[in-house]
Amino acid sequence: MAARKTPAKSNTSKEELLQFYRQMLLIRRFEEKAGQLYGMGLIGGFCHLYIGQEAVVVGLEAAAKEGDKRITSYRDHAHMLTCGMDPNGVMAELAGREGGYSHGKGGSMHMFSKEKHFYGGHGIVGAQVPLGAGLAFADKYLGNDNVTFTYFGDGAGQVYETYNMAELWNLPVVFVIENNQYAMGTSMKRSTKSPSLWERGAAYGIKGEAVDGMDVLAVKAAAEKAVAVCRAGDGPYILEMNTYRYRGHSMSDRLGDLVERFMATRCPIRRNTAPAKRSRRCAPKKTRSNMCATCWSRAAIVAKMTSRPSTRKSRSSSTPAPNSPKPAPSPPKASFGQTFTPEETD
């Protein structure tokens, strides 16, 4: 069965586009700072960043209303920021401070907000999936039209029993598969023979579709369709968001060479939402049309981290010839998580 893809809507207002841009940029900058603090030792434990996947949660939240619930796994910072939780409280929790959402005792993976209907942040892979179905069951029992967004990755377990129960009871839950192509460090091409994950719900009679998770407008259009189905009492619904993360599974994992190439061609912040008039310093000539300044800065740092220049000095270089031109100044060294403009990295 071929995956059905929802085309992006073109009737989005300028105000909505600016709001999407601000939300995705907030996530990107927050996660970059979290990565920097982790490298400095100010954030302990595990820290899973959402860089590259910003369009998924921003597009889905655009289809939510007051009272809708959301629950996710350990890669959860972006979900908290997008549903309206205070970035200062989230960062305080990452740093183990009492002012954090779990008073500094939960860390990156265990934060909650009853006011914003955010139910975690769960460190056990797939454990949030049946909990999300339980939240949807509560709404169905109470007779309201609220919907629960249950996020999980392409490597999550405890899913199929929940699929069966959700379809059996027509629960108002949107299962969101954040397929970033890697279950921890193993590529999907090496781990599964069925590349379409949303179609696995067909065995239980669940409707769904695949979506370009790098396009916030496509995500929003698909989310509105899924939410309408669930509010009408015909849920559940599966959305497979095909996306890509620009960092390792957690901060302790190395960056791959594919990251730089992916950032050069597909950037969720640049697509649809970046201002029409932009500076020439937004990106180098070869990739200026597809990469935002943030991605180009990150790509330059990745290239610097993955390259291994020779440290040997030749004898001829020690004594420069007379009247020879001065060598070009070397670019500044990039500390972990730091962002440079293209002029600083070129």
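These figures come from a predicted structure and were not determined experimentally.

Draft legend 1. Seen up close, unusual backbone geometry. The linkage connecting G235 with the following residue, P236, adopts the cis geometry, with an omega of 5°. Tracing the sequence through the fold places P236 in the loop between helix 8 (216-231) and strand 7 (237-242). Positioned with a positive phi, H103 is a non-glycine residue whose angle comes to about 60°. Note on placement: H103 falls in the loop between helix 4 (87-94) and helix 5 (128-142).

Draft legend 2. Spatial organisation of the environment of G123. Positionally, G123 belongs in the loop between helix 4 and helix 5. Filtering out sequence-adjacent residues up to four positions away, G123 remains in contact with Y74, M109 and H110.

Draft legend 3. Seen up close, a nonpolar patch on the surface. Together, F137, Y141, L142, M165, L168 and W169 make up an exposed nonpolar region whose accessible area comes to about 710 Å². Of all the elements in the fold, those that place two or more residues in the nonpolar patch are helix 5 and helix 6 (160-168). Take the nonpolar patch: its biggest share by element is three residues, from helix 5. Relative to the assigned elements, F137 resides in helix 5.

Draft legend 4. Representation of the nonpolar core. Of all hydrophobic cores here, the largest spans 51 residues; its most connected members are L60, V174, L239 and M241. For this core, the elements supplying multiple residues, two or more each, are helix 1 (14-39), helix 2 (54-61), helix 3 (77-82), helix 4, strand 2 (148-153), strand 3 (173-179), helix 8 and strand 7. Ranked by the residues each element gives to this core, the list is headed by helix 8, at ten residues. Not counting chain neighbours up to four residues away, the residues in contact with M241 comprise V56, L60, V176, I177, E178, N179, V211, G213 and V219. Counting 17 residues, the second-largest nonpolar core is a separate cluster that includes A136, Y163, A166 and I177.

Cut-off values and rules
Residues numbered from 1 in each chain as written. Predicted model: local features only at pLDDT ≥ 70, side-chain atom pairs only at ≥ 80, totals over all residues. Heavy atoms only, no water. Helix = DSSP H or I, 4+ residues; strand = E, 2+ residues; numbered from the N terminus. Contact = heavy atoms within 4.5 Å. Patch = residues over 30% accessible without salt bridge, like charges linked within 9 Å, V, L, I, M, F, W, Y side chains within 5 Å. Areas by Shrake-Rupley, 256 points an atom, 1.4 Å probe, with all protein chains shown as cover. Salt bridge = Lys/Arg side-chain N within 4 Å of Asp/Glu carboxyl O. Core = buried A, V, L, I, M, F, W, Y, C linked by side-chain atoms within 4.5 Å. Buried < 20%, exposed > 50% of the residue type's maximum accessible area, 1.4 Å probe, protein only.

Function cannot be inferred from these measures alone, as they are strictly geometric.
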